[in-house]
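# Breakdown of the fold
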Amino acid sequence: MIKIVVAGAAGRMGRAVLQAIADDAELELVGAAGLRAGLDTGELIGKGKSGIVTECDLKALLERTKPDVMVDFTTPSSVFSNVMTALDCGVSPVIGTTGLTADNKKLIHDKALSTKTPAFLAANFAIGAVLLMMACKKIAQYMPNVEIIEMHHDKKLDAPSGTAITTAEMISEVRKPMRQGHPDSKETLSGARGAELNGIPIHSVRLPGYVAHQEVIFGGLGQTLSIRHDSIDRVSFMPGVVLACKKVRNLVGLVENLDKIL
């Protein structure tokens, strides 16, 4: 059995993780952390009292329960501290929270190596989203003009999404930075062309009704090619989370993106 603590257990993603753990015979929930203490994790997923309740002191929780893995779906402001605490306790973090900077990731990687406690980070745990990113990297070799539109629920704190950034980074591995559109074009409203990463425009939509969606549009002479992924329920992320929980202890340092462990 792989013993797991969930950080952010009372949130939407945290509850989905609790359900995924309950449904997998190889995983065992031993603790839960959150901003509010005393919430029974069984009741959070409609299964009745489990006796495992949310706690606010993550370090004390990890030291007492001694899990193998900590799954983090919290907030950009707390994820780095949570991950470093887990590594200090010899617990492998599986990180689904976006917002970590390049410097944060370097520090996490170094800490993971020094503590011999591997860590895993994914911008998106949906298998379909990972396949989209892999396909985009291939397509960009032949159709380098590309724009990304990502659409999420209106409670999401960061923009653009980690998935959009990762997609642009993967495309950039095979595509030289370039300015797209007319060289003399001007924005009559600031931000109309979106944000840019290595010359790739990224547009973020935040509306109620969405979960997590991304469309990547490639343009060429007389043609366009669009590839899109839709997560219509948070359960779509759970097979990837479960896979990461089972494989993270065999990694080295900080490993990023689900394609590395598929």
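Nothing here was measured: the structure is a model prediction, and the numbers come from that model.

If you walk across this open sheet you meet the seven strands as 3-2-1-4-5-6-12, and the pairing is parallel. Looking at the sheet topology across the chains shown, the edges are occupied by strand 3 (54–55) and strand 12 (254–256). As judged from the two bridges shared by strand 2 (residues 27–33) and strand 3, these two strands associate in the parallel manner. Directly across from Ala-33, in strand 3, lies its bridge partner Glu-55. Across the sheet, helix 5 (residues 102–114) is in contact with strand 6 (119–121) and strand 12; its angle to strand 12 comes to roughly 130°.

Judged by pairing direction, the sheet is mixed, and its five strands sit side by side in the order 8-9-7-10-11 without closing on themselves. Among the strands making up the open sheet, the edge pair consists of strand 8 (195–197) and strand 11 (223–231). On average, each strand axis in the sheet is tilted by 20° relative to the strand beside it, whichever way the strands run. In this sheet, strand 9 (residues 200–206) lies alongside strand 7 (residues 145–152) in parallel orientation, the contact comprising five bridges. Considered in strand 9, the bridge of Ile-148 is made with Ile-202. Strand contacts of helix 6 (residues 127–139): strand 10 (212–220) and strand 11, with the helix running at about 160° to strand 11, the strand carrying the most contacts.

Further remarks concern the pairing of strand 11. Note on strand geometry: in a regular strand, side chains alternate between the two faces of the sheet. In terms of strand pairing, strand 10 meets strand 11 through nine bridges, oriented antiparallel. Within the sheet, the bridge partner assigned to Gly-219 lies in strand 11 and is Thr-224.

Bringing the packing of aromatic side chains into the picture now. Taken as a whole, this structure holds two aromatic pairs when the rule is applied. Taken together through their ring pairs, the aromatic side chains of Phe-73, Phe-120 and Phe-125 make up a single cluster.

Let us look at the pattern of salt bridges. Opposite charge on two side chains lets them pair, provided their charged atoms get close. Overall, the coordinates contain 15 salt bridges when judged by the stated rule. Lys-246 serves as the salt-bridge partner of Glu-26, at 3.7 Å between the closest nitrogen and oxygen. In this pair, Glu-26 sits in the loop between helix 1 (12–23) and strand 2 while Lys-246 sits in helix 8 (residues 238–247), placing the two residues 220 residues apart along the sequence. For Glu-26, a relative accessible area of 44% puts it in the partly exposed group. Overall, the relative accessible area of 28% leaves Lys-246 in the partly exposed class. The partner of Asp-158 in a salt bridge is Lys-156, and the shortest N-O contact between them spans 3.1 Å. The class for Asp-158 is buried, based on a relative accessible area of 17%. The class of Lys-156 is buried, set by a relative accessible area of 19%. Each of Asp-24, Glu-26 and Lys-246 takes part in a single network of salt bridges with overlapping partners.

A grouping of Ile-127, Leu-131, Met-134 and Leu-262 is seen on the molecular surface, where their side chains present a nonpolar patch of about 350 Å² in accessible area. Of note, Ile-127 is situated in helix 6. With relative accessibility at 33%, the residue Ile-127 sits in the partly exposed group.

Our focus in this paragraph is the packing of helix 4 (residues 79–88) against helix 5. Viewed as axis vectors pointing N to C, helix 4 and helix 5 meet at an angle of 10°, and their least axial separation amounts to 10 Å. Of the possible angle classes, the one that applies to helix 4 and helix 5 is roughly parallel. Touching Phe-80, Val-83, Met-84, Leu-87 and Asp-88 of helix 4 are Asn-104, Leu-107, Ile-108, Lys-111 and Ala-112, all from helix 5. Taken together, the residues of the contact of helix 4 with helix 5 sort by class into seven nonpolar, one polar and two charged.

Calculation criteria
- Positions within a chain are numbered from 1, following the residues in the order the chain's sequence is written.
- pLDDT decides what is reported in this predicted model: residues at 70 or higher carry local features, side-chain atom pairs at 80 or more are listed and counted, and totals for whole chains, interfaces and linings draw on all residues regardless.
- To get the side-chain values, take all heavy atoms of the structure and skip hydrogens and water.
- Note: two strands are recorded as paired if DSSP finds a minimum of 2 bridges between them.
- Helix and strand definitions follow DSSP, with helices as H or I runs of at least four residues and strands as E runs of at least two, each counted in order from the N terminus.
- Contacts were defined at the residue level, with two residues in contact if any of their heavy atoms lie within 4.5 Å.
- To get an axis, fit a line to the C-alpha atoms, keeping to the stretch in contact for a helix; angles then go from 0 to 180 degrees between the N-to-C directions.
- Between 30 and 60 degrees the pair is tilted, below 30 it is stacked and above 60 it is edge-to-face, where a pair is any two Phe, Tyr or Trp rings, Trp via its six-membered ring, whose centres lie within 6.5 Å.
- A carboxyl oxygen of Asp or Glu within 4 Å of a side-chain nitrogen of Lys or Arg is what we treat as a salt bridge.
- Three labels apply to residues, based on accessible area from a 1.4 Å probe with only protein chains included: buried if under 20% of the type maximum, exposed if over 50%, partly exposed otherwise in between.
- Nonpolar side chains (Val, Leu, Ile, Met, Phe, Trp, Tyr) within 5 Å and like charges within 9 Å form the patches, drawn only from residues with over 30% relative accessible area and no salt bridge.
- The Shrake-Rupley method, run with a 1.4 Å probe sphere, supplies the accessible areas, and residue values consider only the shown protein chains as cover.
- By definition in this entry, angles of less than 35 degrees are roughly parallel, angles greater than 145 are roughly antiparallel, angles of 65 to 115 are roughly perpendicular, and the rest are oblique.
- Note on residue categories: nonpolar means Ala, Val, Leu, Ile, Met, Phe, Trp, Tyr, Cys or Pro, charged means Asp, Glu, Lys or Arg, and polar means any other residue, Gly included.

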